[in-house]
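Okay, here's what each chain looks like letter by letter:
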Amino acid sequence: MLTHAELKAKALANAEVRAEYERLNKEEFALLDEILAARAAAGLSQAQVAERMGGCPEFCVNGISLLLRHPVLELNSKPI
């Protein structure tokens, strides 16, 4: 079984996969960076953001961050 690092290296050896990975880093992950920067600039913890979201548990805010870091896989532009 491959480790995560080995699997990532193997996948990124494919030019199409590498191009999509780089596109995601530039475009979609930029949104996560903006959200995290805004939270840091406001001096808020995840718990404080959760409270301001109407009592959403802290894991909810953390889950949003995780989803933004690891978007749903797509097949033919349809989420799977």
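It should be emphasised that the depicted structure is a prediction, and the values quoted were computed from it without experimental measurement.

(A) The arrangement of the overall build of the protein chain in detail. Regarding its fold elements, the protein chain presents five helices and two strands. In sequence order, the secondary structure elements of the protein chain are arranged as α-α-α-α-α-β-β. Buried residues in the protein chain amount to 14% of all 80 residues. Looking at the protein chain as shown, the accessible area adds up to about 6400 Å², and 61% of this sits on carbon and sulfur atoms.

(B) How the structure looks around the packing of helix α2 (residues 15-26) against helix α3 (residues 28-41). Between α2 and α3, the least distance of the axes is 3 Å, while the angle of their chain directions is 30°. Comparing the axis directions of α2 and α3 gives the class roughly parallel. Contact residues: Arg23, Leu24, Asn25 and Lys26 in α2; Glu28, Phe29 and Ala30 in α3. Its residues assigned to classes, the contact of α2 with α3 shows three nonpolar, one polar and three charged.

(C) Main features of the packing of helix α1 (residues 4-12) against α2. Across the interface, α1 lies against α2 with an axial gap of 7 Å and an inter-helix angle of 105°. The angle between α1 and α2 falls in the class roughly perpendicular. Listed contacts from α2 to Lys8, Ala11 and Leu12 of α1 are Val17, Arg18 and Tyr21. Of the residues in the contact of α1 with α2, the class split is four nonpolar, no polar and two charged.

(D) The confidence of the model for the protein chain, seen in detail. With 69% of its residues at a pLDDT of 70 or more, the protein chain has an overall mean of 76. Element-level pLDDT for the protein chain is lowest in strand β2 (residues 78-79), with a mean of 44, against a maximum mean of 91 in α1. Residue range residues 73-80 is modelled with pLDDT below 50. Its contacts to residues more than four positions away, or to other chains, number seven contacts.

(E) Examining the pattern of salt bridges more closely. Per the stated rule, a full pass over the model turns up two salt bridges. For arginine 18, the salt bridge identified is with glutamate 22, shortest N-O distance 3.8 Å. One end of the pair is arginine 18 and the other is glutamate 22, both in helix α2 and four residues apart, which spans about a single turn. For glutamate 22, a relative accessible area of 38% puts it in the partly exposed group. The residue arginine 23 makes a salt bridge to glutamate 20 at a minimum N-O spacing of 2.6 Å. Of this pair, arginine 23 and glutamate 20 both sit in helix α2, three residues apart, which is roughly one turn of the helix. Assessed through its relative accessible area of 27%, arginine 23 is described here as partly exposed.

Here is what the cut-offs are and how they apply
Residues numbered from 1 in each chain as written. Predicted model: local features only at pLDDT ≥ 70, side-chain atom pairs only at ≥ 80, totals over all residues. Heavy atoms only, no water. Helix = DSSP H or I, 4+ residues; strand = E, 2+ residues; numbered from the N terminus. Buried < 20%, exposed > 50% of the residue type's maximum accessible area, 1.4 Å probe, protein only. Areas by Shrake-Rupley, 256 points an atom, 1.4 Å probe, with all protein chains shown as cover. Axes fitted to C-alpha atoms, helices over the stretch in contact; angles between N-to-C directions. Parallel < 35°, antiparallel > 145°, perpendicular 65-115°, else oblique. Contact = heavy atoms within 4.5 Å. Nonpolar A, V, L, I, M, F, W, Y, C, P; charged D, E, K, R; others polar. pLDDT = per-residue confidence, 0-100. Salt bridge = Lys/Arg side-chain N within 4 Å of Asp/Glu carboxyl O.

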